[in-house]
Amino acid sequence: YSIDALVTVDGRTIGIEVDGPCHFIGESRCPLGATILKRRQVQSIDGIELISLTHWDWIKSACSTEKKQKRAEKQKFLRDLLGLEDKKAVDSHLTRTL
């Protein structure tokens, strides 16, 4: 499997996966069986904690039209999701993956 981003936080490896529209049944918010299976296998076989985001949550995470501001909003969204308060702890990883 491929994962959109991997970060290490306090010794834990965390995968971040943004699931696009092809991961869901039709126009619903119900994930496909293959997506559910991937989430389970990545966590149980690889021992990676996985955070799955929907593409609509990722898009909504940044409202700005300015590229630099949009990147900052997405990074803050991910820091909040990962429970990180220290901006420096994750920005170096996220800058390369956004």
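Look up a bit, the structure's there.
In this text the structure is predicted, and so the values were computed from the model without any measurement. (Residues numbered from 1 in each chain as written. Predicted model: local features only at pLDDT ≥ 70, side-chain atom pairs only at ≥ 80, totals over all residues. Heavy atoms only, no water.)

Asks: What should I look at first to understand the overall build of the chain in this one?
Replies: A tally of helices and strands in the chain yields four helices and three strands. Shown N-terminal to C-terminal, the secondary structure of the chain runs as helices and strands in the order β-β-α-β-α-α-α. Among the 98 residues that make up the chain, the fraction classed as buried is 35%. Expressed as a percentage of contacts within the chain between residues at least 6 apart in sequence, the contacts between residues at least 24 apart total 49%. Carbon together with sulfur atoms contributes 53% to the accessible area of the chain, which is approximately 6,500 Å² in total. (Helix = DSSP H or I, 4+ residues; strand = E, 2+ residues; numbered from the N terminus. Buried < 20%, exposed > 50% of the residue type's maximum accessible area, 1.4 Å probe, protein only. Contact = heavy atoms within 4.5 Å. Areas by Shrake-Rupley, 256 points an atom, 1.4 Å probe, with all protein chains shown as cover.)

Asks: Can you walk me through the pairing of strand 3 (residues 49-54) in this structure?
Replies: Consecutive residues of a regular strand have side chains that alternate between opposite faces of the sheet. Judged from the six bridges that link them, strand 2 (residues 12-19) and strand 3 form a sheet pairing that is parallel. In the sheet register, I14 faces strand 3, and the bridge partner there is E49. (Pairing = 2+ DSSP bridges.)

Asks: Any chance you could explain the pattern of salt bridges here in plain terms?
Replies: Opposite charge on two side chains lets them pair, provided their charged atoms get close. Applying the stated criterion across every chain yields a total of four salt bridges. In this structure, E49 and R12 form a salt bridge, with 3.1 Å as the shortest nitrogen-oxygen distance. Here E49 is found in strand 3, whereas its partner R12 is found in strand 2, with 37 residues between them in sequence. Since its relative accessible area comes to 36%, E49 is described here as partly exposed. For R39, the salt bridge identified is with D19, shortest N-O distance 2.6 Å. Residue R39 is found in helix 1 (residues 33-45), and its partner D19 is found in strand 2; the two are separated by 20 residues along the sequence. Assessed through its relative accessible area of 22%, R39 is described here as partly exposed. (Salt bridge = Lys/Arg side-chain N within 4 Å of Asp/Glu carboxyl O.)

Asks: In this structure, what is going on with helix 3 (residues 67-82)? I would like to understand it.
Replies: The first and last C-alpha atoms of helix 3 sit 23 Å apart over 16 residues, in line with the 22 Å expected at 1.5 Å per residue. Considered for burial, the residues of helix 3 that qualify are K74, Q75, L78, R79 and L82. The buried residues of helix 3 all sit within an arc of 140 degrees when viewed along its axis, so they share a single face. G83 sits one or two residues past helix 3 and shows a positive phi near 75 degrees. (Expected span 1.5 Å × (residues − 1). Arc of directions from axis to C-beta.)

Asks: Looking at this model, I keep getting lost on the nonpolar core. Mind explaining?
Replies: Among the nonpolar cores identified, the biggest contains eleven residues, and these are A5, V7, V9, I14, I16, I51, L53, W58, L78, L82 and L84. Breaking this core down by element, the ones donating at least two residues are strand 1 (5-9), strand 2, strand 3 and helix 3. Ranked by residue count, the leading element in this core is strand 1, at three residues. Setting aside anything within four residues of it in sequence, one finds I14 in contact with A5, L6, V7, V9, I48, E49, I51 and L82. (Core = buried A, V, L, I, M, F, W, Y, C linked by side-chain atoms within 4.5 Å.)

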